[in-house]
Amino acid sequence: MSQLAIANTDVHTHIPSHADHAYNPEYQYQHIQVNPVTVRIGAEISGVKLAGDLSSDVVSEIQHALLKHKVIFFRGQQHLTDLEQEAFASLLGNPLNHPSVPIKDGTAHTLSIDSRGGRADSWHTDITFLPNYPKASILRNVVTPDVGGDTVWANTTSAYAGLPPVLKTLADSLRAVHTNAYDYADHGVPHHAENTVENRKLFRTAVEIETEHPLVRVHPETGEKTLVLGHFFKRFSGLNSTDSRYLFEEFQNHITQWENIVRWRWAVGDVAIWDNRATQHRAINDYGDALRVASRVTIEGDIPVGVDGRPSQVIKNVKNQDISNLRSEEGRIYEKAS
Ligand SMILES: [Fe+2]
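Thresholds, definitions, all that
- Residues numbered from 1 in each chain as written.
- Predicted model: local features only at pLDDT ≥ 70, side-chain atom pairs only at ≥ 80, totals over all residues.
- Helix = DSSP H or I, 4+ residues; strand = E, 2+ residues; numbered from the N terminus.
- Buried ≥ 20, exposed ≤ 12 C-beta atoms within 10 Å, placed from the backbone.
- Contact = placed C-beta atoms within 7 Å.
- Pairing = 2+ DSSP bridges.
- Axes fitted to C-alpha atoms, helices over the stretch in contact; angles between N-to-C directions.
- Right-handed = clockwise from strand over helix to strand, strands pointing away.
- Expected span 1.5 Å × (residues − 1).
- pLDDT = per-residue confidence, 0-100.
- Arc of directions from axis to C-beta.

### So, the overall build of the chain
Piece 1. What the chain contains, in helices and strands, is 6 helices and 18 strands.
Piece 2. Every one of the 338 residues in the chain was classed for burial, and the buried ones make up 44%.
Piece 3. Sequence separation of at least 24 residues holds for 83% of the intrachain contacts in the chain that already meet a minimum separation of 6.

### A few points about the sheet that holds strand β7 (residues 175–179)
Piece 1. A sheet is described by the order of its strands in space; here 4 strands give the open sequence β11-β7-β8-β16, paired in antiparallel fashion. In this open sheet, the two strands that pair with only one neighbour each are β11 (233–236) and β16 (313–319). Between one strand axis and the next, the sheet turns through 20 degrees on average, direction left out of account.
Piece 2. In this structure, β7 lies alongside strand β8 (residues 207–214), joined through 5 bridges in antiparallel fashion. Bridge pairing in β8 places A176 opposite H213.

### Here's the deal with the sheet that holds strand β2 (residues 43–46)
Piece 1. Spatially, β1-β2-β3-β13-β5-β15-β4 is the arrangement adopted by the 7 strands of the open sheet, whose pairing is mixed. A single partner strand is all that each edge strand has here, and the edge strands are β1 (33–36) and β4 (111–114). In this sheet, adjacent strand axes meet at a mean angle of 25 degrees when their direction is disregarded.
Piece 2. Across 7 bridges, the pairing between strand β5 (residues 136–143) and strand β15 (residues 293–299) is antiparallel.

### Things to note about the pairing of strand β17 (residues 326–329)
Piece 1. As judged from the 4 bridges shared by β17 and strand β18 (residues 332–335), these two strands associate in the antiparallel manner. When the bridges of β18 are listed, R327 appears paired with Y334.
Piece 2. Joining the antiparallel neighbours β17 and β18 is a turn of 2 residues, in which E330 adopts a positive phi near 50 degrees.

### Thoughts on the environment of H124
Piece 1. Structurally, H124 can be placed in the loop between β4 and β5.
Piece 2. Linking H124 and V228, residues 104 residues apart in sequence, is a C-alpha distance of 9.4 Å.

### Focus on unusual backbone geometry
Piece 1. The backbone of K70 sits at a positive phi, close to 75 degrees, despite the residue not being glycine.
Piece 2. Inspection of the secondary structure puts K70 in the loop between α1 (56–69) and β3 (71–74).
Piece 3. Judged by the 28 C-beta atoms lying within 10 Å of it, K70 is buried.
Piece 4. Although it is not a glycine, I127 sits at a positive phi angle of roughly 55 degrees.
Piece 5. With respect to the helices and strands, the residue I127 is situated in the loop between β4 and β5.

### Some details on the pairing of β3
In the case of a regular strand, side chains alternate between the two sheet surfaces.
Piece 1. Along β3, one buried face is formed by V71 and F73 and the opposite face, lined by I72 and F74, is buried too.
Piece 2. As defined by bridge partners, β2 adjoins β3 across 3 bridges and the pair is classed as parallel. If you follow E44 over to β3, its bridge partner there is F73.
Piece 3. In this view, the connection linking β2 to its parallel neighbour β3 by way of α1 has right-handed handedness.

### A word on helix α6 (residues 241–255)
Piece 1. Relative to the 21 Å expected for 15 residues at 1.5 Å per residue, α6 spans 21 Å between its end C-alpha atoms, a close match to the ideal helical length.
Piece 2. Buried residues belonging to α6 abut β6 (151–155), α3 (156–161), α4 (165–173), β10 (225–227), β11 and β14 (279–283).

### Overview of the environment of F251
Piece 1. Tracing the backbone through its elements, the reader meets F251 in helix α6.
Piece 2. Measuring from C-alpha to C-alpha, the distance between F251 and A159 comes to 8.5 Å, with 92 residues separating the pair along the chain.
Piece 3. Excluding anything up to four places from it in sequence, F251 contacts A171, L227 and L229.

### A few points about the confidence of the model for the chain
Piece 1. Averaged over every residue, the pLDDT of the chain is 90; residues scoring 70 or more account for 90%.
Piece 2. Residue range residues 1–19 is modelled with pLDDT below 50. Its contacts to residues more than four positions away, or to other chains, number 39 contacts.
Piece 3. When the criterion is pLDDT under 50, residues 187–191 qualifies, and its contacts beyond four places in sequence or with other chains add up to 10 contacts.

### Some words on the environment of E249
Piece 1. Its place among the elements puts E249 in helix α6.
Piece 2. Its 10 C-beta neighbours within 10 Å are what place E249 among the exposed residues.
Piece 3. Along the primary structure E249 and G230 are separated by 19 residues, whereas in three dimensions their C-alpha atoms are 9.9 Å apart.

### Brief notes about helix α2 (residues 82–89)
Piece 1. For α2, every residue scored as buried is listed here: D82, Q85, F88 and A89. Along the long axis of α2, the arc covered by the buried residues comes to 120 degrees, so they all point the same way.
Piece 2. Among the structural elements, β5 and β15 are those in contact with the buried residues of α2.

See the structure below:
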């Protein structure tokens, strides 16, 4: 399996060098079937029943497919429970709990993505206000609307590769502040507005975290350059809000070009895993008042490093409320019974 050797991902600052990148995009899979959805992004994986006791060979191939295709899809995983999903997730790394969204009751690391609690309908990368924002997210569909409710992902690596040279040079030099004070899911739905408002207030106020990331991150496993942007962006370092907004739109528009995007129509039991270091995603809010429920586990990433070797830097980290005693269920948050 030497072809498959994947560099260690330190949770600490780590400056990637070419020597680290044992990732071989031409590797031929022995244990899983990988069918790309598009050339740039997305692949459907078959021949795997996800579980906490998968062999290391299968897990290595899943990780490889994730690096290569950025988001991978598994159909028919109805056998998974939240706890079995967590057990599988732990094979990919250390689960990372969200600092301001309570976990689902009865679980250790699971977020309930429930349309009664809000809808993540703008482009983002998960939790980029953290310095060690997730390297991967694992989302399992539980309830699918009859119509609509798809998710789309964009490849931020091919977006960088497609920039004209002058914009690459500019991007390489920029650093951006990300914060939880801007909330992508802050779009209520009338029938559940009370839940939504409460959840999103907690999201913004339980912690106040700002981290400065390089706009261009060197991916620690593939060595590819990838853009770090999305909805938690606040401003570019050294630029005012007007210039920041113009440049944000410029780079964000490159990321979300149709050619960088894959769209997934969910069925119950589908699991999507994305490389959160090389993608953005958003839900499509086109299913009216119907219910959509999914379970998500995120895996801790390492600290990003720019093309100049400079790591990301925490600017602000204030904890206003301990959410460890809170739980969520059906879009509502309540105090844990003990
Ligand atoms: Fe998300």
